[in-house]
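Chains, contacts and geometry: an overview
So you can see what is in the structure, the chains are spelled out below.
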Amino acid sequence: MTVTIDNSAGFCWGVVRTIDIAEQELAAGSELFSLGDIIHNPMEIARLEGEGLKTVTVADFTDLRGKKVLVRAHGEAPETYREAERFGVEIIDATCPVVTKLQERIRKFYQDGYQVVIFGKK
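First, a word on what this report is: a plain description of the structure on this page. Each residue is numbered by its place in its chain's sequence as written, counting from 1. pLDDT decides what is reported in this predicted model: residues at 70 or higher carry local features, side-chain atom pairs at 80 or more are listed and counted, and totals for whole chains, interfaces and linings draw on all residues regardless. Think of the side-chain values as coming from all heavy atoms in the structure, minus any hydrogens and water.

**Here's the deal with the overall build of the chain**
Only DSSP runs of H or I covering at least 4 residues are called helices, and only runs of E covering at least 2 are called strands; the numbering of each starts at the N terminus. The helix and strand tally for the chain stands at four helices and four strands. Helices and strands in the chain line up, N terminus first, as α-β-α-β-β-α-β-α. Counting only C-alpha atoms and orienting by the principal axes, one finds that the chain spans roughly 55 × 40 × 25 Å. Looking at the chain as a whole, 30% of its 122 residues qualify as buried. The long-range share in the chain, meaning contacts at least 24 apart out of those at least 6 apart in sequence, stands at 50%. Accessible surface, the chain as shown: approximately 8,700 Å² in total, 55% of it carbon and sulfur. Charged-residue counts in this description rest on Lys and Arg as positive and Asp and Glu as negative, His and the chain ends being excluded. In plain terms, the charge of a residue is placed at NZ if it is Lys, CZ if Arg, CG if Asp and CD if Glu. Both charge centroids of the chain, one from 15 positive and one from 19 negative side chains, sit 5 Å from each other. Under the scheme applied here, a residue whose accessible area is under 20% of the maximum for its type counts as buried, over 50% as exposed, and between as partly exposed, the area being computed with a 1.4 Å probe on protein chains only. We call two residues contacting when some pair of their heavy atoms lies within 4.5 Å. The method behind every accessible area is Shrake-Rupley, applied with a 1.4 Å probe, and residues are considered shielded solely by the protein chains displayed.

**Regarding the packing of aromatic side chains**
Classification of ring pairs rests on two measures: the distance between centres of Phe, Tyr or Trp rings, Trp counted by its six-membered ring, which must be within 6.5 Å, and the angle between planes, read as stacked under 30 degrees, edge-to-face over 60 and tilted in between. On inspection of all chains with the given rule, the structure shows one aromatic pair. Plain terms: the ring middles of F109 and Y114 are 5.4 Å apart, the flat faces sit at 90 degrees to each other, and that makes the pair edge-to-face. Its relative accessible area of 43% is what places F109 among the partly exposed residues. The criterion for a charge sitting over a ring is simple: Lys NZ or Arg CZ within 6 Å of the ring centre, and within 35 degrees of the ring normal. Across the ring face of F33, the terminal group of K54 is positioned such that the distance to the ring centre comes to 5.3 Å.

**Quick notes on the environment of A94**
You can see A94 is positioned in the loop between β4 (90-93) and α4 (97-111). Classification of A94 by relative accessible area gives buried; the value is 0%. For the pair A94 and F119, spaced 25 residues apart in the sequence, the C-alpha separation amounts to 24 Å. Those residues in contact with A94 that lie beyond four places of it in its chain are R17, T18, I21, L70, V71, R72 and A73.

**With respect to the sheet that holds strand β2 (residues 54-56)**
Across a sheet, strands are paired by hydrogen bonds formed along the backbone, either parallel or antiparallel in direction. Pairing between strands is defined by DSSP: at least two bridges between the two strands are required. Pairing is parallel across the open sheet formed by four strands, whose spatial order is β2-β1-β3-β4. Taken across any chain shown, the strands that pair with only one partner, and hence form the sheet edges, are β2 and β4. Neighbour to neighbour, the strand axes of the sheet diverge by 35 degrees on average, direction disregarded. As paired strands, strand β1 (residues 32-35) and β2 are joined by three bridges and run parallel to one another. By the bridge assignment, F33 is partnered in β2 with K54. To obtain each axis, a line is fitted to C-alpha atoms, and for helices this fit is confined to the stretch in contact; angles are then taken between N-to-C directions over 0 to 180 degrees. Sitting on the sheet, helix α1 (residues 13-27) is in contact with β1, β3 (68-71) and β4, with an inclination near 165 degrees to β3.

Quick look at the structure:
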């Protein structure tokens with residue numbers, strides 16, 4: 001059997017951007033936390049943990065005053081940003097620009113009175 005991997009296979013550019021941001025922060029000596037697993041790839045998570053990245057949840061914000069927390073490529077709800085501000089957590093927003101644009105479009109539909117239904121994987 002021959003297995004061929006497409007030349008363009010791999011992480012989407014939004015995830016590559018997020019990883020680049022994390023690597024830059026870690027290389028600069030920053031203590032860096034990721035809000036949840038940075039991506040859905042255990043090997044890459046382990047590699048970045050080896051560089052010093054730690055995974056946290058919003059519930060951990062109470063212990064992270066003055067620390068840097070990276071928001072992953074898929075973004076976060078506005079409440080997350082409010083909680084970060086409330087507890088003095090510095091957010092590094094690595095949300096993919098495509099995701100941000102989509103969130104803005106959905107927000108506009110919602111504000112215009114549409115019922116927004118999103119379906120897919122749990």
